[in-house]
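Architecture at a glance
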Amino acid sequence: MTASLALDGLSVGFPTGALGDPRIVSAVDGVSFTVASGEIFGLVGESGCGKSTLANAIMGLLPTSTIITGSARVHDAEVIGLSDAALRQMRGNTAAMVFQDASTSLDPTWPVGDQIAETIRAHQSVTRSEAKEKALALMTEVGLTDPSERYGDAPHRLSGGMRQRIVIAAALANNPKLLIADEPTTALDVTLQAQILQLIDRLRVAHNTAVLLITHDLGVIAQVCDRVGVMYAGQLVEVAPVAELFANPRHPYTRALLAARPGAQSGAERLAVIPGQVPDLSEEIAGCRFASRCPRRIDACAVTPARVSLGDSEVACWNLPTGGTE
Amino acid sequence: MTALLEVDGLTKTFAAGGPPWRRRFVHALTEVSFALEAGRTLGVVGESGSGKSTLGRCLLALSTPDAGSIRFDGADLGSLSRSGLADFRRRVQPVFQDPYASLDPRWSVGRSVREALDVFRIGSTLDREQRVRELFDRVGLNPELAERMPRQLSGGQRQRVGIAAALATEPQLIVADEPVSALDVSVQAQILNLFRDLQRDLGVAAVFITHDLSVVEHISHDIAVMHLGRLVEFGRASEVLARPQHPYTRSLLAAVPPAIPTRTHPHN
Amino acid sequence: MISQSITATAIVLAKSAPRRRHRLPVTTTVGVALLALLILAAIAAPLLSGHNPETVETARVMGAPNALHPFGSDVLGRDVLSRVLFGLRVSLLVALSSVAVATLIAVPLGLIAGYFGGWLDSLISRSLDMLLVLPALLLAITLIAIVGPGSTVAALAIAIIYLPILARVMRTSTLVVSRQEYVLGSRSRGASAWRILSSHVAPNAIGPVIVQASVLSGFALQLEAALSFLGLGTQPPTPSLGGMLADGRDVLTQAPWVEIYPGLAIALAVVAFSLLGDGLRRALDPTGVAS
């Protein structure tokens, strides 16, 4: 099985600070994982953990002042350091992205159908009518009833769920090898969320697309993902098959995150909390970034932990608990 | 025992654009009735457009219903005198969703907490300062943070400040509109714990408006399910969640993401 | 656990707080410096010029710039430098006072219209719209035709022209701030409308108005010059930048300095005001864009 996305030691730093006191915010730090074609890989973490920055780095959407090191290969082609022209060639073609807010990712003045057709014509040599035909087929595929009726509608005439379907149709227009979905359902109600997730699930099977699904919601992860990566303060702390992650969370942060969900332990008076705050990423942090809040901290944590394999899981921790959930 | 809050036949309609002769209307609330006893927490659940936020605004007397009545401690909100309304405002306090928008960016967070005390001229200046320190302590914040500006605090800390501000006048009812939905899971857990503590220690009643059923389950004694402006189901939380009667409640429960993975055969 | 969290927070804040400082871009610094220079020059005009701007010196008619008269002399032999300095004085005074008057009236109008809405809003907004639809210059000329020319009338006309613009900015900004949860919170905490407007809404809504007022000050200066150019603003022999442009127009080829220096003064003032406005926009954002 070939990897549609392979990250190796990907790091992203944002220059910041005042003149005479330059600093670098280390937003992503040495992240490595692969996503196979036809697989949904969930990337979960809290705000500021670097999950969206990671996605933007892969798509080449970060400002030019950003310092990116390491490697990101999409369908066996390196994408870090590509020229603008090469990035444009990649975006919407081999790799496509779906953002959280469908109402701002569509041009409000354009008919929605034309926006899909536009994406097709940008990468394929087809006539206008062929592009329109393909767009209509895509609209049917993402479950819009009456596509020819909807084709000429402006985005504001559609509901939030329909708009997100249009965005997904546009993303899939050129059969990308990789689809990155950044919080695609966060703005939607639960019933719509379930529908959109089912749609993404169905499409990746039909097109054999690799999906990188970025979310803060462990429920979304549980619903559709095959494997999961957990990020904390820019570092990937655990990668595991989804069932394994929920049944046997290994990293102390993963455990804390799972325990903090309401309903995690039924009938519990109080929810488990994580003491302390996420560290300031513009400061130099040696070793494991979770150490300052970790109940299992030992001296070795001052050195960045190596990833170790435990069954199907890979965990970056020096002091792994043995056995199941505490 | 009489209820602390009695809502009866509450109806509210908004004009939703269109020319005057063909104006379209949104029925935000239609004939909503329920009662809440002192010290209990009611979870109001619904999706966007269900009218749950309009209900919250009516309960805070920020919005006037077109029909129906809200009785707080036996007194009808619609017929309150000026001083009666002031008294109501002191006893019913809001907590809002967005910890970034619910504090004046130009005010120190301590001043925001003190606002209600200043408005109602409760105690001397010194008493108020003392009370603000107590309130910060009460919600688990270091009182020294009172001098800081909102932008210097994290989202979770701001929401604690918002709760401290709501507690300043020792209210009997708190109306909280999505107070944890903008927060990360681990921060959300801290705020939900705080709400549990307040329920237990202060006996304050709460209307907790949210779209998140797992939050409601954790925090509420009673649940009201809203759909398109109507209250479709009301009852004890355990009862409603275990045996939902209305089809909409059932579909809502079915759509909730699972707590553990549902996929038995991962795709290869 | 909570106390632990507080300690950790305090540490994070102690570290990050002192690093937060407003760094204004170079262009803003240039704008502020330029404006300060122009205002200082206008105030100190009698000290700097060394000549009476109204003294006619027949021997120096259209005299080229020299050491004694660095900007040369005009058609009546008057010193151009002193006329520019004194003209700048009048122009800045008219521009700033007209915008100040407009702002002082616009802010309460916009606040009331935006916060209370309903018929009050309709009344205020429609009345201001009526002012807005009239062409600016035509409005000024009509007013001057009725009252008679002069710098005070010009200032008043300019104030009337900018009043609806500023009031509209204030109204929009008030609408946005009024919807913020802290205003709702204040209302539900029983604060009076006056208290909410003065302590929450006005301080948070006024930023865009100040920015707009700063930019409009530059345009007001231009407008004053235009009116004086047409002979409707500041009346001779009082020097004014617009009047000087009118004087210099006929001798542009023989004595370009008569035209160039007042023109340059106007241009510099407009640029300074607009750079200032741009800087204010950044500085007045309480949330701090970058963080």
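So, here's what we can say about the structure. As the structure is a prediction and not an experimental result, all values here were calculated from the model. (Residues numbered from 1 in each chain as written. Chains lettered and ligands numbered in written order. Predicted model: local features only at pLDDT ≥ 70, side-chain atom pairs only at ≥ 80, totals over all residues. Heavy atoms only, no water.)

1. Overview of the overall build of chain C
- Regarding its fold elements, chain C presents twelve helices and zero strands.
- Listing every helix and strand of chain C by position from the N terminus yields α-α-α-α-α-α-α-α-α-α-α-α.
- Every one of the 291 residues in chain C was classed for burial, and the buried ones make up 47%.
- Within chain C, residue pairs in contact and separated by at least 24 positions form 71% of the contacts whose partners lie at least 6 positions apart.
- For chain C, the accessible surface area stands at approximately 13700 Å², while carbon and sulfur atoms represent 71% of it. (Helix = DSSP H or I, 4+ residues; strand = E, 2+ residues; numbered from the N terminus. Buried < 20%, exposed > 50% of the residue type's maximum accessible area, 1.4 Å probe, protein only. Contact = heavy atoms within 4.5 Å. Areas by Shrake-Rupley, 256 points an atom, 1.4 Å probe, with all protein chains shown as cover.)

2. Focus on the sheet that holds strand β2 (residues 25-36) of chain B
All names here are of chain B.
- Taken in spatial order, the four strands of this open sheet run β2-β1-β4-β5, and their pairing is antiparallel. The two strands at the open ends of the sheet, each matched to only one other strand, are β2 and β5 (75-76).
- One ladder, built from five bridges, connects strand β1 (residues 5-15) with strand β4 (residues 67-72); its direction is antiparallel. For E6, the partnering residue across the bridge sits in β4 and is R71.
- Where helix α1 (residues 52-59) meets the sheet, its contacts fall on β1, β2 and β4, and the angle it forms with β2 comes to roughly 60 degrees. (Pairing = 2+ DSSP bridges. Axes fitted to C-alpha atoms, helices over the stretch in contact; angles between N-to-C directions.)

3. Considering the interface of chain B and chain A
- Taken together, the contact between chain B and chain A spans 31 residues of the former and 34 residues of the latter.
- At the boundary of chain B with chain A, total buried surface from both sides reaches about 2900 Å², with 51% on carbon and sulfur atoms.
- In this structure, the connection of chain B to chain A is made through one salt bridge.
- A salt bridge links R270(A) to D197(B), with the nearest nitrogen and oxygen atoms 2.5 Å apart. (Buried area = accessible area lost by both parts, 1.4 Å probe. Salt bridge = Lys/Arg side-chain N within 4 Å of Asp/Glu carboxyl O.)

4. Observations regarding the nonpolar core
- By size, the foremost hydrophobic cluster in this structure holds 100 residues, and its most contacted members are I116(A), I168(A), L213(A), F136(B) and I163(B).
- Element by element, the count of residues in this core is highest for helix α6 (residues 185-202) of chain B, at seven residues.
- The residues contacting I163(B), other than those within four sequence positions of it, are V95(B), V139(B), I191(B), L194(B), F195(B) and L198(B).
- Core analysis: the second largest hydrophobic core is formed by 69 residues, L35(C), L38(C), L163(C) and V169(C) among them. (Core = buried A, V, L, I, M, F, W, Y, C linked by side-chain atoms within 4.5 Å.)

5. Topic: unusual backbone geometry
- Non-glycine residue D146(A) carries a positive phi angle of around 60 degrees.
- Of the residues examined, D146(A) reaches a relative accessible area of 48% and is grouped as partly exposed.
- Here D73(B), not a glycine, exhibits a phi torsion of approximately 50 degrees, which is positive.
- Considering the arrangement of structural elements, one finds D73(B) in the loop between β4 and β5.

6. Concerning the sheet that holds strand β8 (residues 205-210) of chain B
Residues and elements named next belong to chain B.
- Judged by pairing direction, the sheet is mixed, and its six strands sit side by side in the order β6-β7-β8-β3-β9-β10 without closing on themselves. Strands at the two margins of the open sheet, each flanked by one partner only, are β6 (92-95) and β10 (230-236). Put simply, the sheet's adjacent strands are angled 15 degrees from each other on average, direction ignored.
- In terms of strand pairing, β6 meets strand β7 (residues 173-177) through four bridges, oriented parallel. Residue pairing for β7: Q93 is matched across the bridge by I174.
- The strands touched by α1 are β3 (41-45), β6, β7, β8 and β9 (222-227); relative to β8, the strand with the most contacts, the crossing angle is about 150 degrees.
- Each of β3, β9 and β10 touches helix α9 (residues 247-255); the most contacted strand, β9, lies at about 100 degrees to it.

7. Quick notes on the pattern of salt bridges
- Under the criterion given, the structure shown has 31 salt bridges over all chains.
- R289(A) is paired through a salt bridge with D29(A); the nearest N and O atoms lie 3.7 Å apart. Placement of the pair is R289(A) in the loop between α11 (252-259) and β11 (307-310) and D29(A) in strand β2 (residues 21-36), with a sequence separation of 260 residues.
- Look at D29(A) and you get partly exposed, because its relative accessible area is 26%.
- The salt bridge involving E183(A) is made with K51(A); its shortest N-O contact spans 4.0 Å. Of the two residues, E183(A) sits in the loop between β7 (178-182) and α8 (190-207) while K51(A) sits in helix α1 (residues 51-58), which places them 132 residues apart along the sequence.
- The exposure class assigned to K51(A) is buried, which follows from its relative accessible area of 7%.
- Residues participating in the shared-partner salt-bridge network are R270(A), R138(B), D197(B), R200(B) and D201(B).

8. Examining the packing of aromatic side chains
- Here the structure, examined in full by the defined rule, presents eight aromatic pairs over all chains.
- For the ring pair Y253(A) and F290(A), a centre distance of 5.2 Å and an interplane angle of 65 degrees mean the geometry is edge-to-face. Placement of Y253(A) in helix α11 and of F290(A) in the loop between α11 and β11 is noted, with a sequence separation of 37 residues between them.
- Relative to F208(B), the ring of F195(B) lies with its centre 5.0 Å away and its plane at 80 degrees, an arrangement referred to as edge-to-face. You can see F195(B) sitting in helix α6 and its partner F208(B) sitting in strand β8, a full 13 residues away along the chain. (Phe/Tyr/Trp six-rings, centres within 6.5 Å; stacked < 30°, edge-to-face > 60°.)

As far as function goes, none of this settles anything; it's purely spatial.
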